[in-house]
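Structure at a glance
Chain by chain, the residues run as shown.
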Amino acid sequence: MGIKIKRLLIANRGEIAVRIIRACRELGIETVQVFSEADRDSLAAKMADRAVCIGGPKPQDSYLQPRRILAAASALEVDAIHPGYGFLSENADFADLVEAEGFIFVGPTGASIRAMGDKAMARKLAEEAGVPTTPGSKGVITDAVAAAEIAETIGYPVLLKASAGGGGRGMRVVQDRSSIEKSFLEASREATVAFGNGAMYLEKFLTNIRHIEIQVLGDGKNVLHLGERDCSTQRRNQKLIEESPSPVLSATLRAKIGEAAVRLCRHVHYRSAGTIECILDPASESFYFMEMNTRIQVEHPVTEMVSGIDLVKAQIRIASGEEIEVLQSEVRLNGHAIECRINAEDPTQDFQPKPGRIQRYSPPGGIGVRMDSHLFSGYVVPPYYDSLLGKVICWGETREEAIARMRRALHELEIDGVHTTREFHFDLIGSADFAEAKIHTRYIQDTYLPSKSKSL
């Protein structure tokens with residue numbers, strides 16, 4: 001069956017825009033890149049078949065303007081719009097609007113985004129599908145009094161999370177009754193600013209946990225999972241390193257988590273690529289549903305490297321009306337892959353963003369090495385967006401080989417002109433704790449960084 005999408009608009013920027021353009025070129029699809037004034041000279045704007053400016057440098061003046069994006073789509077007669085990640089990618093109203101205007105939205109339906117994007121609703125759906133969830137509120141909580149009552153029932157510490165949020169914003173760990181009111185108000189305000197919704201939900205806070213996520217593909221009827229990614233290497237709820245498979249899952253537990261993810265996606269008739277995120281308690285080998293991301297993930301290349309399946313192409317094919325023809329029994333996951341996110345940040349100054357001009361850029365190469373980036377020598381990193389410069393992804397037949405290859409690739413990578421997290425990753429990947437998989441979601445801020453500070 002041929003792809004019915006002939007021209008696609010990319011409503012995003014940076015490395016994911018470049019990634020989508022490359023997938024479209026292989027599929028024979030023309031691309032239209034929208035860009036802000038700050039991204040006029042970006043690699044994505046240069047690579048696309050057509051490029052059009054939709055506003056000022058700030059996201060709220062360009063990439064967060066649905067009507068400007070749709071005006072560009074109409075003027076250039078595109079068939080489909082790919083939202084990438086971030087910006088409007090999980091905005092249910094935008095997905096509905098795209099479809100209402102006669103374009104194909106390369107992603108799930110607005111109804112799915114709405115249901116799974118609301119964390120309280122997603123928890124309810126997970127429970128209906130028989131997927132374990134952490135003890136917590138049954139729905140959203142709108143005041144600190146209700147939060148305190150639930151916390152007393154399930155016991156401290158607890159975790160307050162924005163119902164409509166993600167990326168660590170609108171999130172607070174509360175250790176005791178004395179701080180829950182202040183934490184609730186702070187988190188709710190932060191969520192209101194970030195997501196336009198201050199509703200919260202509360203769950204039991206588990207310590208020394210690992211963050212495991214399952215990559216899924218659905219076409220509305222059939223659902224497939226492509227194994228897990230271990231995203232436990234985080235700092236303040238922001239992922240730094242991801243790998244697949246997880247070094248701590250048994251075959252039995254791996255099968256259980258994969259089956260649970262598929263069961264939930266079937267329950268909501270999910271269409272497109274998505275990710276089921278779970279908390280894993282290694283001590284008890286218990287896992288709990290946390291949330292679903294109804295979009296392509298930053299770390300999707302890790303899964304591509306072990307599965308051999310192009311997830312962006314799969315998204316486009318599904319949006320075009322094709323069914324998933326691969327059976328779960330036919331999925332073959334080979335070797336081990338690791339991704340390091342390279343950001344324009346200074347680790348010695350509490351990871352403060354450091355935009356500026358790239359004086360020299362030389363990516364790593366060689367067998368098993370992939371670099372997804374929008375950089376080039378002379379590129380000016382703007383101060384208006386996320387600090388991600390690119391991702392180094394390395395594959396090996398074993399985890400040990402993948403680690404060694406990543407160390408080699410990071411050694412080769414050259415980005416001059418701005419501070420980056422390259423050296424931080426090089427040291428962390430080479431540490432004994434990482435080699436022995438002694439990582440949990442608070443390891444970086446509670447153990448690794450304090451130990452580095454003491455050694456200075």
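Below or above, wherever it landed, is the structure these notes cover. (Residues numbered from 1 in each chain as written. Predicted model: local features only at pLDDT ≥ 70, side-chain atom pairs only at ≥ 80, totals over all residues. Heavy atoms only, no water.)

**Looking at the side chain of T31**
Formally: We count a stretch as a helix when DSSP gives it H or I for four or more residues in a row; a strand needs E for two or more, and each element gets its number in order from the N terminus. Throughout, exposure labels follow a simple rule: accessible area from a 1.4 Å probe, protein chains only, divided by the maximum for the residue type, with under 20% read as buried, over 50% as exposed, and the rest as partly exposed. Should any heavy atoms of two residues lie within 4.5 Å, those residues are considered in contact.
Among the secondary structure elements, T31 is positioned in strand β2 (residues 30-36). Accessibility expressed as a relative area gives 2% for T31, which makes it buried. The residues touching T31, leaving out its near neighbours within four places in the chain, are L8, I10, I21, C24, A48, D49 and R50.

**Observations concerning the sheet that holds strand β4 (residues 80-82)**
Note the cut-off: Pairs of strands are assigned from DSSP output, requiring at least two bridges between the strands.
Taken together, the 5 strands give an open sheet; going across it, the order is β3-β2-β1-β4-β5, and neighbouring strands pair in parallel fashion. Bordering the open sheet on either side are β3 (50-55) and β5 (104-105), each of which pairs with just one other strand. Pairing between strand β1 (residues 7-10) and β4: 3 bridges, direction parallel. For L8, the partnering residue across the bridge sits in β4 and is A80.

**Some remarks on the side chain of R13**
Where we set the bar: Two N or O atoms count as a polar contact when they lie within 3.5 Å, although within protein this holds only if one can serve as hydrogen donor and the other as acceptor, and sequence-adjacent residues are included solely when both atoms are side-chain atoms.
With respect to the element layout, R13 can be found in the loop between β1 and α1 (14-27). Assessed through its relative accessible area of 10%, R13 is described here as buried. A distance of 3.4 Å separates the side chain of R13 from the side chain of Y379, its partner in a polar contact. Ignoring sequence-local partners within four residues, the contact set of R13 consists of Q33, D39, Y63, F87, Y379, P382 and Y385.

**A look at the pattern of salt bridges**
Defined as follows: Any carboxyl oxygen of Asp or Glu that lies within 4 Å of a side-chain nitrogen of Lys or Arg is treated as forming a salt bridge with it.
Within the structure shown, the criterion is met by 37 salt bridges. Among the salt bridges present, the one from R341 reaches E299, with a minimum N-O distance of 2.8 Å. Of this pair, R341 sits in strand β14 (residues 336-343) while E299 sits in the loop between β13 (286-293) and α10 (300-307), placing them 42 residues apart in sequence. For the residue pair R341 and E299, the accessibility class agrees, reading buried in each case. The residue K452 makes a salt bridge to D427 at a minimum N-O spacing of 3.9 Å. With K452 in helix α15 (residues 443-455) and D427 in helix α13 (residues 422-429), this residue pair connects regions lying 25 residues apart in the sequence. The class of K452 is partly exposed, set by a relative accessible area of 33%. Judged by its relative accessible area of 33%, D427 falls in the partly exposed class. A network of salt bridges, in which partner residues are shared, links E213, R229, K239, E242, E277, E299 and R341.

**A look at the pairing of strand β12 (residues 271-281)**
Every regular strand shows the same layout, with side chains that alternate between the two sheet faces. The buried fraction of β12 amounts to 10 of the 11 residues, a majority that puts the element mostly inside the structure. Taken together, the 10 bridges between strand β9 (residues 210-219) and β12 define a ladder with antiparallel strand orientation. The residue bridging V216 from the neighbouring strand is G274, located in β12. With 7 bridges joining them, β12 and β13 adopt antiparallel strand pairing. Bridge pairing in β13 places T275 opposite N293. Between β12 and β13, which follow one another and run antiparallel, lie 4 residues, and E285 among them has a positive phi close to 55°.

**What about helix α4 (residues 92-100)?**
Using the following cut-off: The arc in question is formed by the directions pointing from the helix axis toward the C-beta atoms.
Those residues of α4 that sit buried are A92, F94, A95 and V98. Across the axial projection of α4, the buried residues extend over an arc of 165°, all falling on one side. More than 90 degrees from the buried face of α4, the exposed residues found are D93 and A100. Buried residues in α4 make contact with α3 (66-75), β4, β5 and α5 (110-117). Capping the start of α4, N91 holds a side-chain oxygen 3.0 Å from the backbone nitrogen of D93, two or three residues further along. Phi for G102, located one or two positions after α4, is positive at around 95°.

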